[in-house]
Amino acid sequence: MVIKRFAVSLCAAAIMAGAVSGQASAAEKVLRVATTLADIPLTTGQPSQGGEGVRFIGITLYDSLIRWDLSKADESAKLVPSLAETWKVDDTTQTKWTFNLRHGVTFHDGSTFNADAVVWNLDKLMKRDAPQYDQPQATQASTYTGTIASYRKIDDYTVEVTTKEPDAVLPYMMAQIFISSPARYNEVKGDWNAFAQRASGTGPWILDKLVARERAELVRNPKYWDAARVPKSDRLVLLTMPDPSTRVAALLSKQVDWIEAPPPDTVPRLKQQGMQIVTNVYPHVWPYQLSFSEGSPFKDLRVRKAANLAIDREGLSGFLGGLAVPAKGMIDSKHPWYGKPTFDIKFDPEQARALMKEAGYSRAKPAKIKLLISPSGSGQMQPLPMNEFVQENLRDVGFDVELEVMEWEALRARRRGGSDAPENKGAHGLNNSWAYWDPNIALIGTAWSTQRPPGGYNWGGYSDPQADKLAAQAKVTFDPAQQDAVLAQLHSYIVDQAMWIWVVHDLNPRAMSPRVKGFVQAQSWFQDLTPVYVE
């Protein structure tokens, strides 16, 4: 059966990759990547499909005013200038930000990037009566634009953005807002579907071909404004391969050069065949966001703590071939935001059963819960077997767990709806891999009661006065060291409150042909493909 499945996967991979290999010129340097995605993310500017969408479409075709420095493997990625050379908040109001834009940048269609383009793009996401307003992009960007009250052009290369309240996190938000070409939009007569096929940004790669649910082909932008980041490959081929066996088969048969998230049980074979297995720590956690809606068992702190104590994280990490490490909370214990929580998240099923008994549950009278999960997706690792592992752990201490499986983007849509949305009725948790690359997505937007979707990340409606106080304080603390200290207090508090079920931190594995050169695995969800080439 295993041999048959591998053969089927090999055939599928060969057909898909073969559609590309015949089209690329023999003289081209081509990098072929198998993603975990079931569909190509939106190519209009604001990509769908989570962090993987940003990784392969957002930061390849487009630039933002501020970007992540992804050139180092030995330190966490930091914000650096991109289309904005400098930015500064007004010391008096702490709400007015001035962005001084980069001169000499052009879109892929040859038009000029300037302040008008920035305002046009913010209108695209925020101004419902603007001709270019695009609901799909606005949905993807809603958590980044939600803090913005207004914006205006000061001159051709200066833009002012005003936030609703003092917001020290705005630079992180601006790193997630990508700039599309107004000229290309006008050229395609205001049709975003047509724009998707002829996408135009200012990024280091240019869209050449797009086949929905199959592949996107990007070519090198030789005129990219940052000469140090002009791609080393001529063509980047992105293939949708949500099935992990198909990805492995494609790599072993030389149909692709790089695969995302190799299954742990295939790593020894991949190494034996000479493949590179690249890992690094990054701001990732594999959790269950919990519902605090009426009727949810997780409204009881004892039940939340029991669920956290029920999981054998060491065993799960072993099952994953050492490609993950046990989580002690949202944040890795070496991170400055970790703090000093008093609730020790560990494997203690005896204590978990005692807490469940206090709460009125047992194996004979279990707490019935439904968890929403996906079979694949950005940062989801190996979600089906992992969820089955956790399901058994939870059953052992007094939970009756139903797993509702849906496609990744459908799961993300359910998350954006919040636990009180009609479509989420009866759901008590949601398994959505999570990031902590910035204060908002990590802690403020998840723990603050004001941050319900779609403007925030508080899916389950967690509400606590102390958490609210710390989140509000972190939002207006502009000194980085002082903000770190407040965030550490907030993290300690939500761990003690067992706000979510935190399981493991992924080590971000990817497998590559030995011929792949130049890749530096940044400590980030995003990776820079510009220095990568196939020898």
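Summarised in this report is the structure supplied together with it. Since we're looking at a predicted model, the values are computed, not measured. (Residues numbered from 1 in each chain as written. Predicted model: local features only at pLDDT ≥ 70, side-chain atom pairs only at ≥ 80, totals over all residues. Heavy atoms only, no water.)

A word on the overall build of the protein chain. Counting secondary structure elements, the protein chain contains 17 helices and 22 strands. Relative to the compact-globule value of 24 Å for 535 residues, the protein chain shows a C-alpha radius of gyration of 23 Å, a close match. If you line up the protein chain on its principal axes, its C-alpha atoms span 70 × 65 × 40 Å. For the protein chain, the residues scored as buried account for 60% of the 535 residues in total. Within the protein chain, residue pairs in contact and separated by at least 24 positions form 70% of the contacts whose partners lie at least 6 positions apart. Carbon and sulfur atoms provide 52% of the accessible area of the protein chain, an area that totals close to 20,500 Å². Separation of charge centres in the protein chain, based on 59 positive and 59 negative side chains, amounts to 3 Å. (Helix = DSSP H or I, 4+ residues; strand = E, 2+ residues; numbered from the N terminus. Rg over C-alpha atoms; globule rule 2.2 N^0.38 Å. Buried < 20%, exposed > 50% of the residue type's maximum accessible area, 1.4 Å probe, protein only. Contact = heavy atoms within 4.5 Å. Areas by Shrake-Rupley, 256 points an atom, 1.4 Å probe, with all protein chains shown as cover. Lys, Arg positive; Asp, Glu negative; His and termini not counted. Charge placed at Lys NZ, Arg CZ, Asp CG, Glu CD.)

A word on the nonpolar core. Membership of the largest hydrophobic core comes to 132 residues, with the highest contact counts inside it found for L65, F99, L101, F113, F399 and W502. The element that contributes the greatest number of residues to this core is helix 3 (residues 115–126), accounting for seven residues. Within the second largest apolar cluster, 14 residues are counted, among which are L239, V256, M275 and A511. (Core = buried A, V, L, I, M, F, W, Y, C linked by side-chain atoms within 4.5 Å.)

It is worth spelling out unusual backbone geometry at this point. The residue after P453, namely P454, is reached through a cis peptide bond having omega 5°. Within the secondary structure layout, P454 lies in the loop between helix 15 (439–447) and helix 16 (465–475). Unlike most non-glycine residues, K189 shows phi in positive territory, near 60°. Take K189: it is sitting in the loop between helix 6 (182–187) and helix 7 (192–197). Non-glycine residue M381 carries a positive phi angle of around 65°. Mapped onto the secondary structure, M381 falls in the loop between strand 15 (367–373) and helix 13 (383–397).

Attention now moves to the pattern of salt bridges. Applying the stated criterion across every chain yields a total of 30 salt bridges. Between E28 and R235 there is a salt bridge, and its shortest N-O distance comes to 2.9 Å. On the criterion of sequence distance, the pair formed by E28 in the loop between helix 1 (2–21) and strand 1 (30–35) and R235 in strand 10 (residues 235–240) is long-range, its members being 207 residues apart. Given a relative accessible area of 23%, E28 falls into the partly exposed group. Salt bridges sharing partners connect three or more residues here, namely E28, D208, K209, E214, R215, E217 and R235. (Salt bridge = Lys/Arg side-chain N within 4 Å of Asp/Glu carboxyl O.)

Here we come to helix 3. With 12 residues, helix 3 extends 16 Å between its outermost C-alpha atoms, agreeing within 8% with the 16 Å of an ideal straight helix rising 1.5 Å per residue. Listed as buried for helix 3 are A115, A117, V118, V119, W120, N121, L122, D123, K124 and L125. Contact partners of the buried residues in helix 3: strand 5 (96–101), helix 4 (135–145), strand 6 (148–155), strand 7 (158–163), helix 6 and helix 7. With a side-chain oxygen lying 3.1 Å from the backbone nitrogen of D116, the N-terminal cap of helix 3 falls on N114. (Expected span 1.5 Å × (residues − 1). Polar contact = N/O pair within 3.5 Å; in protein donor to acceptor, adjacent residues only side chain to side chain.)

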